[in-house]
Amino acid sequence: MYHKRCAVAEGGNGFQNWECAETAKGYSYLYIISSIDCLLLGRDERCYNPDVTIAYRWSAAAAYHAAQLESPKRSTVALGKFIRKYLDREPASVIDVGCGTGANLHWLRDCFGDARLVGLDINDVFCRDLEGIEFVQQENCAVSELGTFDVGLSIQCLSWLDAYERPIQAMFKSCRQWMFITSLFTDSRVDSINRVTQYDEDFRADSGSPYFYNVYSIERFRRFCLANGAKEIMAQDFEIDIDIPKPEHGLMGTYTVRAEDGRRLQISGPLFMPWKMVAVRI
Ligand SMILES: C[S@@+](CC[C@H](N)C(=O)[O-])C[C@H]1O[C@@H](n2cnc3c(N)ncnc32)[C@H](O)[C@@H]1O
């Protein structure tokens, strides 16, 4: 395990989380996995333990990020192959905009040789002390203020923003050779701007809601990139190669169903998730 002493614990409320913090003595980080509550307990008297940093608080997000540190997502493995197909020389520097924990940079580092690896995220509560990866807590549009990078990554982020134009323009200012992007894209001439609210059993919205789950027209995105300095854009569907069962919690969370031709379709809550990997040559 490359991540320094990380614990993942279950806890449904503040008290349980406090217990988790106690049992996690000796760990640098503790991921709290609670049912749905958004409890910010990082410096709460009841749970504060000087040996433990409460890294994150919301169940699905915490589980999602913690799991990525254990093993790469199938989409990250596929993205690695996709990047290798196009990257024609070793980059000197790579920035991952909206990097989360930095797990993608970690698992993809073989694609980039000895490049300087920088992760940018607006959120500083995810664990991020990964060897050889610099972390910058910053808003995505500020990437253009960090200097230039040979390669820019945007992995599973654009669909969760209200729009992609400003962050992508900022990446064009910062990235010299390539951008590799994954997001929800459709071949239809449609942008679908989706706002998702998740509820607990009593239909109280969770405090992170509503979330965007936008699906963008790939052709409109392609034209936008060309208008902003891209030389070429290559897109490929990501088809997941494992079955994922439907989660029982009734909230958002990816699962797969088989299409008639045998392909696995990814569904999350009520939404179809048409992932694409996009290579943008600059
Ligand atoms: C769906 S997560 C994806 C994280 C990571 N790229 C992955 O593949 O696991 C979206 C990430 O974008 C970050 N984010 C959202 N809005 C942002 C913004 N305006 N600027 C920078 N990061 C942002 C979030 O904190 C979160 O880590």
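Residues numbered from 1 in each chain as written. Predicted model: local features only at pLDDT ≥ 70, side-chain atom pairs only at ≥ 80, totals over all residues.

Moving on: the overall build of the protein chain. Summing up its helical and strand segments, the protein chain has 6 helices and 16 strands in all. Per-residue burial over the protein chain gives 35% buried out of 282 residues. Of the contacts formed within the protein chain by residues at least 6 apart in sequence, a portion of 64% connects residues at least 24 apart. (Helix = DSSP H or I, 4+ residues; strand = E, 2+ residues; numbered from the N terminus. Buried ≥ 20, exposed ≤ 12 C-beta atoms within 10 Å, placed from the backbone. Contact = placed C-beta atoms within 7 Å.)

A word on the sheet that holds strand β14 (residues 264-268). Sheet architecture is open: 3 strands sit in the order β13-β14-β15, paired in antiparallel fashion. Sheet topology places β13 (254-258) and β15 (271-272) at the edges, where each strand pairs with a single neighbour. (Pairing = 2+ DSSP bridges.)

Moving on, we get to the environment of Met-277. Mapped onto the elements, Met-277 comes out in strand β16 (residues 275-281). Contact partners of Met-277, with chain neighbours within four places excluded, come to Ala-78, Leu-79, Phe-82, Thr-182, Gln-236 and Phe-238.

In the vicinity of the ligand, 14 residues are found, and the nearest of them are Gly-98, Gly-100, Ile-122, Asn-123 and Asn-140. For the shell around the ligand, a count of residues per class yields 5 nonpolar, 7 polar and 2 charged. (Near = placed C-beta within 6 Å. Nonpolar A, V, L, I, M, F, W, Y, C, P; charged D, E, K, R; others polar.)

Before going further, it helps to spend a moment on helix α6 (residues 218-227). Regarding α6, the residues found buried are Ile-218, Phe-221 and Cys-225. Down the axis of α6, the smallest arc covering the buried residues is 60 degrees, so these residues share one side. On its buried face, α6 is in contact with β8 (175-186), β11 (216-217), β12 (232-237) and β16. (Arc of directions from axis to C-beta.)

Moving on, we come to the environment of Ile-244. Tracing the chain through its elements places Ile-244 in the loop between β12 and β13. Here the alpha-carbon distance between Ile-244 and Thr-256, two residues 12 residues apart in the chain, equals 5.2 Å.

The next thing to look at is the nonpolar core. Formed by 46 residues in total, the largest nonpolar core has its most connected members in Leu-79 and Met-171. Considering each element in turn, this core owes the most residues, 7 residues, to β8. (Core = buried A, V, L, I, M, F, W, Y, C linked by C-beta atoms within 7 Å.)

For strand β5 (residues 116-121), the tally of buried residues reaches 5 of 6 residues, placing the bulk of the element in the interior. Inspection of the sheet shows strand β4 (residues 93-97) paired to β5 by 5 bridges, in the parallel sense. Its bridge partner being in β5, Asp-96 is matched across the sheet by Gly-119. Once you follow β4 into helix α4 (residues 103-108) and on to β5, the crossover reads as right-handed. When β5 meets strand β6 (residues 133-137), the two strands line up parallel, connected through 5 bridges. Considered in β6, the bridge of Gly-119 is made with Phe-135. (Right-handed = clockwise from strand over helix to strand, strands pointing away.)

Located in the positive-phi region is Gln-156, a residue other than glycine, with phi close to 55 degrees. By the element assignment, Gln-156 lies in the loop between β7 (149-155) and α5 (165-174). The backbone phi angle of Phe-203 is positive, close to 60 degrees, even though this residue is not glycine.

A word on the environment of Gly-250. Assignment of secondary structure puts Gly-250 in the loop between β12 and β13. Overall, the presence of 12 C-beta atoms within 10 Å leaves Gly-250 in the exposed class.

In this structure, β13 lies alongside β14, joined through 5 bridges in antiparallel fashion. Residue pairing for β14: Val-257 is matched across the bridge by Leu-265. Following β13, the chain reverses through 5 residues before pairing antiparallel with β14; Gly-262 in that reversal takes a positive phi of roughly 95 degrees.

Note: predicted coordinates in regions of low pLDDT should not be interpreted at a detailed level. Per-residue confidence for the protein chain gives a mean pLDDT of 81, with 74% of residues at or over 70. Low pLDDT, under 50, characterises residues 1-60; the stretch is placed with 117 contacts to residues that sit more than four places away or in other chains. (pLDDT = per-residue confidence, 0-100.)

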